[in-house]
Amino acid sequence: MKLTRTRYGNVNHRSYGNEPGGLVALHGFTQHGGSFEELAAFLDVGLLAVDLPGHGATDVQPATFEVAVEVVSTVLEAHARPPALLGYSQGGRISLQVALRRSDLIDRLILISASPGIADPRVREERRDADRVLATHIEEAGVATFVDEWLAMDMFAGLRDRPAEWRATDRNRRLENTSQGLAAGLRGMGPGAQPYLGDNLRNLTVPLLAVAGGSDRKYSEYAEMMAGAAPGGTLEIVPRAGHAVIGESPEALAVLINRWIADRAVER
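Residues numbered from 1 in each chain as written. Predicted model: local features only at pLDDT ≥ 70, side-chain atom pairs only at ≥ 80, totals over all residues. Heavy atoms only, no water.

## A few points about the overall build of the protein
The number of helices and strands found in the protein is 10 helices and nine strands. The C-alpha radius of gyration computed for the protein amounts to 17 Å, which stays within 12% of the reference 18 Å derived for 268 residues, consistent with globular compactness. Projected onto its principal axes, the C-alpha positions of the protein cover 50 × 40 × 35 Å. Taking all 268 residues of the protein together, 54% fall into the buried category. When contacts within the protein are restricted to residue pairs at least 6 apart in sequence, long-range pairs at least 24 apart make up 75% of them. (Helix = DSSP H or I, 4+ residues; strand = E, 2+ residues; numbered from the N terminus. Rg over C-alpha atoms; globule rule 2.2 N^0.38 Å. Buried < 20%, exposed > 50% of the residue type's maximum accessible area, 1.4 Å probe, protein only. Contact = heavy atoms within 4.5 Å.)

## Some points on the packing of aromatic side chains
Enumeration according to the criterion identifies five aromatic pairs in this entry. One aromatic cluster in this structure is built from Phe29, Phe146, Trp150 and Phe156. (Phe/Tyr/Trp six-rings, centres within 6.5 Å; stacked < 30°, edge-to-face > 60°.)

## Overview of the pattern of salt bridges
Side chains bearing opposite charge may pair, as long as their charged atoms lie close to each other. Throughout the structure, instances matching the rule amount to 17 salt bridges. The residue glutamate 126 makes a salt bridge to arginine 122 at a minimum N-O spacing of 2.9 Å. Here arginine 122 and glutamate 126 lie together in helix α4 (residues 121–141), a separation of four residues that amounts to about one turn. A salt bridge links glutamate 221 to arginine 217; the nearest nitrogen and oxygen atoms lie 3.4 Å apart. Here glutamate 221 pairs with arginine 217, and both are found in helix α8 (residues 217–229), just four residues apart, close to one helical turn. Note on glutamate 221: relative accessible area 45%, which makes it partly exposed. Each member of the salt-bridge network shares a partner with another, and the members are Glu77, Arg102 and Asp104. (Salt bridge = Lys/Arg side-chain N within 4 Å of Asp/Glu carboxyl O.)

## Observations concerning unusual backbone geometry
At the junction of glutamine 61 and proline 62, the peptide bond is cis and its omega measures out at -5° in the coordinates. Relative to the helices and strands, proline 62 is located in the loop between β5 (59–60) and α2 (65–77). Although it is not a glycine, threonine 30 adopts a positive phi angle of roughly 80°. You can see threonine 30 is positioned in the loop between β3 (23–26) and α1 (37–42). At serine 113, a position not held by glycine, the phi torsion is positive, near 50°. Looking at where serine 113 falls in the secondary structure, it is placed in the loop between β7 (108–112) and α4.

## Overview of the nonpolar core
Counting residues in hydrophobic clusters, the biggest one holds 41 residues, and the most contacted among them are Phe36, Leu47, Leu86, Ile110, Ile112, Leu253 and Ile257. Tallying contributions element by element places helix α10 (residues 250–267) first for this core, with six residues. Sequence-distant contacts of phenylalanine 36, that is, excluding residues within four places in its chain, are made with Ala25, Leu26, His27, Leu47, Ala49, Leu86 and Ile246. Membership of the second largest hydrophobic core comes to 33 residues, among which are Val24, Phe65, Ala114 and Leu201. (Core = buried A, V, L, I, M, F, W, Y, C linked by side-chain atoms within 4.5 Å.)

## Structural notes on α8
In this model, α8 (13 residues) spans 18 Å end to end at C-alpha, consistent with the 18 Å of a helix rising 1.5 Å per residue. Those residues of α8 lying buried are Tyr219, Ser220, Ala223, Met226 and Ala227. Along the axis of α8, the buried positions cluster into a sector of 130°, meaning they face one direction only. The exposed residues of α8 that point more than 90 degrees off its buried face are Arg217, Glu224 and Gly228. Turning to α8, the residues buried within the fold contact α3 (90–101), β7, β8 (208–213) and β9 (233–238). (Expected span 1.5 Å × (residues − 1). Arc of directions from axis to C-beta.)

## Considerations on the side chain of asparagine 258
With respect to the helices and strands, the residue asparagine 258 is situated in helix α10. Given a relative accessible area of 15%, asparagine 258 falls into the buried group. Within the local environment of asparagine 258, its side chain forms a polar contact with the backbone oxygen of phenylalanine 42, the two atoms lying 3.0 Å apart. Here asparagine 258 is in contact with Phe42, Leu43 and Asp44, once residues within four sequence places are set aside. (Polar contact = N/O pair within 3.5 Å; in protein donor to acceptor, adjacent residues only side chain to side chain.)

## Focus on the pairing of β3
A two-sided burial pattern is seen for β3, the buried positions comprising Leu23 and Ala25 on one face and Val24 and Leu26 on the other. The pairing of β3 with strand β4 (residues 47–50) spans four bridges and is parallel. Opposite leucine 26, over in β4, you have valine 50 as the bridge partner. Handedness of the crossover joining β3 and β4 through α1: right-handed. (Pairing = 2+ DSSP bridges. Right-handed = clockwise from strand over helix to strand, strands pointing away.)

## Regarding the pairing of β9
As judged from the six bridges shared by β8 and β9, these two strands associate in the parallel manner. Counterpart to alanine 210 in the pairing with β9 is leucine 235. With respect to chirality, the unit in which β8 leads through α8 into the neighbouring parallel β9 is right-handed.

Here's what the structure looks like:
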C-alpha cells in the first residue's frame, strides 16, 4: 500500500499486477481498494485501487463528493500517462465526475453498476435525508452490525452464491472500515449529496464502457442510458449477475474489460 499526499490528507492505494497503474479503480460503499484483488488477477493490465474518503486507510477530511473528485484527480496527476479509470457503484459516480471535469487525466472510462446521480431535485433531497438517517444508524449500530445488514440486502443476493471462504474475506475487508468513516462517506458522497451528471454525458470526451449485471434491471437501465448518451459509449451486460458484478462474476467482467481495452488500443 502507498499514500498520495493531497491538501485534504493522505489517499491510500493498493497495486496489483506486474505493471500497476494502467487502470485506476474506485470501489463501492463499505468496501476499499482491496475489493479489486480478485478482478485484477484476470486483467491484462496492472491495476491501482484507491481507498476513497471514509474508507480503508485513506485519511481525508471532509469525506465529500467534491473532495473525493479532487483527491482522485491528484492521484491521477501522478501518472506519467493517462490511465483508464474504472468506478464501481459509488466509485462510478465519482469516476464520472472526474472524467467530465479532468478528461486530460484519463484515456477511457469504465462504469460498473453505476448511475449518474438523481435527476429530480426533490427526490435527491429525500435521498439525502434518508442517507443522513442511515449514517446515524451506522454510528449507533457499529460497523459489524451495519455491514451484515448491508450485505443482507437483495441487491447483494448474488454474492451469497460465492464460497463461504470468499464471503468471509469480503466481509472482513469491509470490517476494516470504521462506522465513523462510513457514516461520513454516506453523508458526503451518497447519491443525494452529488449533482446530477446525466445531462453532461454528451460532453464526455473519453470512450465509455458502461457495464451492469443482467439481473440488475435498475442499473442495466442506467448503463444503457449512459452508453447511449455519451458520444463514445459502449454497453455491456454481464449475464446472470446482479449489482455486485465485480464480486459475483470477476472473470466474465475481466473478459469484457480486456477486450474493450484491446479494441480501443487497436482503434488508435
